[in-house]
Amino acid sequence: MMQRILTFFERYSFGVCTYLGERFNISIAKIRLFFIYSSFLAVGFPIMFYFFAGIVLDIRHYIKRMRTRVMDW
């Protein structure tokens, strides 16, 4: 059951922690723990940041995908 929950979140999450971890060469698990602990301390502000960053990353991915389609013509 726990593995199914983890798989669901890994598949449908935005990938913000993965992006930050690869960008700054930090462990992804440490970044996730930071988001979890800071959301308890800051009453949800990091969760809002996570969703905003996820939307921005999704838009960037969409734009890059559209740009490569235009370049293929």
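Look up: the structure comes first, before these words.
Cut-off values and rules
Residues numbered from 1 in each chain as written. Predicted model: local features only at pLDDT ≥ 70, side-chain atom pairs only at ≥ 80, totals over all residues. Heavy atoms only, no water. Patch = residues over 30% accessible without salt bridge, like charges linked within 9 Å, V, L, I, M, F, W, Y side chains within 5 Å. Areas by Shrake-Rupley, 256 points an atom, 1.4 Å probe, with all protein chains shown as cover. Salt bridge = Lys/Arg side-chain N within 4 Å of Asp/Glu carboxyl O. Helix = DSSP H or I, 4+ residues; strand = E, 2+ residues; numbered from the N terminus. Expected span 1.5 Å × (residues − 1). Core = buried A, V, L, I, M, F, W, Y, C linked by side-chain atoms within 4.5 Å. Buried < 20%, exposed > 50% of the residue type's maximum accessible area, 1.4 Å probe, protein only. Contact = heavy atoms within 4.5 Å.

A surface patch of nonpolar side chains, about 730 Å² in accessible area, is lined by F14, I47, F51, I55, I59, Y62, I63 and M66. Structurally, Y62 can be placed in helix α4 (residues 45–72).

It helps to recall that an α-helix has 3.6 residues per turn; residues three or four apart then point in one direction. Look at helix α3 (residues 28–41): 20 Å from first C-alpha to last across 14 residues, which is about the 20 Å you get at 1.5 Å a residue. The positive-phi residue at the C-terminal boundary of α3 is V43, with phi of around 55 degrees.

Another aspect to go through is the nonpolar core. Among the nonpolar cores identified, the biggest contains 8 residues, and these are V16, C17, L20, I31, F35, Y50, A53 and L57. If you list the elements that add at least two residues to this core, you get α2 (16–24), α3 and α4. Setting aside residues up to four positions removed in sequence, C17 forms contacts with I28, I31, R32, F35 and Y50.

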